[in-house]
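# Architecture and fold: a report
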Amino acid sequence: MFNFQLKCKDLGFNSCDFISTGNSENELKRKFYYHSIVEHKKEFEQMAEERKLELDIRIKKIVDDQSYN
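The text that follows walks through the structure, step by step, so that each part is easy to find. These numbers were taken from a predicted model, which means no experiment stands behind them. In every chain, residue numbers begin from 1 and rise along the written sequence. For this predicted model, a pLDDT threshold of at least 70 governs which residues receive local features, and a threshold of 80 or more governs which side-chain atom pairs are given and counted, while totals over whole chains, interfaces and linings are taken from all residues. By convention in this description, side-chain values take in all heavy atoms of the structure and omit both hydrogens and water.

## A look at the packing of helix 1 (residues 25-39) against helix 3 (residues 49-67)
Lines fitted to C-alpha atoms define the axes, with helix axes restricted to the stretch in contact, and inter-axis angles between N-to-C directions lie between 0 and 180 degrees. Numbering of helices and strands starts at the N terminus; helices are DSSP runs of H or I of at least 4 residues and strands are runs of E of at least 2. At their nearest, the axes of helix 1 and helix 3 sit 11 Å apart, and the two run at 135° to each other. The angle between the axes of helix 1 and helix 3 places the two elements in the oblique class. Here helix 1 and helix 3 pass one another in a crossing that is right-handed. Contacts from Glu25, Leu28, Lys29, Phe32 and Tyr33 in helix 1 reach Lys52, Leu55, Asp56, Ile59, Lys60 and Val63 in helix 3. Looking at side-chain class alone, the contact of helix 1 with helix 3 contains six nonpolar, no polar and five charged residues. Reported orientations rely on four angle classes, namely roughly parallel under 35 degrees, roughly antiparallel over 145, roughly perpendicular from 65 to 115, and oblique for the rest. By the definition used in this description, the sense in which the near helix is turned from the far one sets the handedness, with an anticlockwise turn below a right angle giving left-handed and a clockwise turn giving right-handed. Note on contacts: a residue pair is in contact if any heavy atoms of the two residues lie within 4.5 Å. Each residue gets one label: Ala, Val, Leu, Ile, Met, Phe, Trp, Tyr, Cys and Pro are nonpolar, Asp, Glu, Lys and Arg are charged, and the others, such as Gly, are polar.

Here you go:
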(Lines give C-alpha, C1' and ligand atoms only; values in the text may rest on other atoms or scores of the structure.)
Protein backbone atom coordinates (compact mmCIF):
# COMPACT_ATOMS: atom_id res chain seq x y z
CA MET A 1 0.00 0.00 0.00
CA PHE A 2 1.25 3.47 -0.88
CA ASN A 3 1.42 6.15 1.77
CA PHE A 4 0.95 9.13 -0.54
CA GLN A 5 -0.98 10.06 -3.64
CA LEU A 6 -0.93 13.08 -5.89
CA LYS A 7 -3.43 13.93 -8.59
CA CYS A 8 -2.58 16.04 -11.61
CA LYS A 9 -5.74 17.97 -10.79
CA ASP A 10 -4.21 18.85 -7.38
CA LEU A 11 -1.55 20.80 -9.26
CA GLY A 12 -3.68 22.54 -11.87
CA PHE A 13 -3.71 20.00 -14.71
CA ASN A 14 -7.51 19.92 -14.57
CA SER A 15 -8.13 17.87 -17.69
CA CYS A 16 -5.92 14.98 -16.50
CA ASP A 17 -7.06 12.10 -14.28
CA PHE A 18 -3.54 10.77 -13.56
CA ILE A 19 -2.81 9.84 -9.94
CA SER A 20 0.76 9.34 -8.78
CA THR A 21 1.34 7.10 -5.76
CA GLY A 22 4.42 6.51 -3.69
CA ASN A 23 5.93 5.74 -0.31
CA SER A 24 7.97 8.95 -0.11
CA GLU A 25 7.92 12.53 -1.31
CA ASN A 26 10.81 11.79 -3.67
CA GLU A 27 9.05 8.79 -5.23
CA LEU A 28 5.88 10.82 -5.67
CA LYS A 29 7.77 13.70 -7.32
CA ARG A 30 9.71 11.34 -9.61
CA LYS A 31 6.53 9.70 -10.88
CA PHE A 32 4.66 12.98 -11.21
CA TYR A 33 7.44 14.75 -13.11
CA TYR A 34 7.96 11.77 -15.41
CA HIS A 35 4.24 11.80 -16.19
CA SER A 36 4.30 15.59 -16.69
CA ILE A 37 7.20 15.44 -19.13
CA VAL A 38 5.56 12.65 -21.13
CA GLU A 39 1.89 13.69 -21.04
CA HIS A 40 2.09 17.46 -20.55
CA LYS A 41 5.35 18.09 -22.38
CA LYS A 42 4.36 21.29 -24.18
CA GLU A 43 2.67 22.81 -21.14
CA PHE A 44 5.53 21.80 -18.85
CA GLU A 45 8.24 23.13 -21.19
CA GLN A 46 6.48 26.50 -21.41
CA MET A 47 6.10 26.73 -17.65
CA ALA A 48 8.24 29.37 -15.95
CA GLU A 49 10.84 28.13 -13.47
CA GLU A 50 9.01 30.01 -10.71
CA ARG A 51 5.84 28.00 -11.46
CA LYS A 52 7.85 24.75 -11.33
CA LEU A 53 9.15 25.74 -7.89
CA GLU A 54 5.57 26.43 -6.82
CA LEU A 55 4.66 22.89 -7.89
CA ASP A 56 7.40 21.51 -5.62
CA ILE A 57 6.02 23.54 -2.72
CA ARG A 58 2.47 22.31 -3.39
CA ILE A 59 3.68 18.70 -3.59
CA LYS A 60 5.47 19.08 -0.25
CA LYS A 61 2.31 20.53 1.32
CA ILE A 62 0.17 17.68 -0.04
CA VAL A 63 2.65 15.10 1.31
CA ASP A 64 2.80 16.87 4.67
CA ASP A 65 -1.02 16.96 4.86
CA GLN A 66 -1.23 13.24 4.05
CA SER A 67 1.44 12.46 6.65
CA TYR A 68 -0.87 13.68 9.41
CA ASN A 69 -3.90 11.64 8.30
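## Digging into helix 3
The end-to-end C-alpha distance of helix 3, which contains 19 residues, comes to 27 Å, matching closely the 27 Å that a straight helix rising 1.5 Å per residue would cover. Only protein chains enter the calculation, and the probe is 1.4 Å; a residue is then buried if its accessible area is under 20% of its type maximum, exposed if over 50%, and partly exposed in between. Within the sequence span of helix 3, burial applies to Lys52, Leu55, Ile59, Ile62 and Val63. Down the axis of helix 3, the buried side of the element spans an arc of 95°, and every buried residue falls inside it. Those residues of helix 3 that are exposed and aimed more than 90 degrees away from the buried face are Glu50, Leu53, Ile57 and Lys61. At its buried positions, helix 3 is contacted by strand 1 (4-7), helix 1 and helix 2 (41-46). The length a helix should cover is 1.5 Å for every residue beyond the first. In this context, the arc is that of the directions from the helix axis out to the C-beta atoms.

## Let's talk about the packing of aromatic side chains
Ring pairs shown here join Phe, Tyr and Trp side chains whose ring centres sit within 6.5 Å, with only the six-membered ring taken for Trp; geometry is labelled stacked below 30 degrees between planes, edge-to-face above 60, and tilted in between. Within the structure shown, the criterion is met by three aromatic pairs. A centroid spacing of 6.1 Å and a plane angle of 55° characterise the contact between Phe13 and Phe32, whose relative ring orientation is tilted. You can see Phe13 sitting in the loop between strand 1 and strand 2 (19-22) and its partner Phe32 sitting in helix 1, a full 19 residues away along the chain. Through a chain of ring-to-ring contacts, the aromatic side chains of Phe13, Phe32, Tyr33 and Phe44 assemble into a single cluster.

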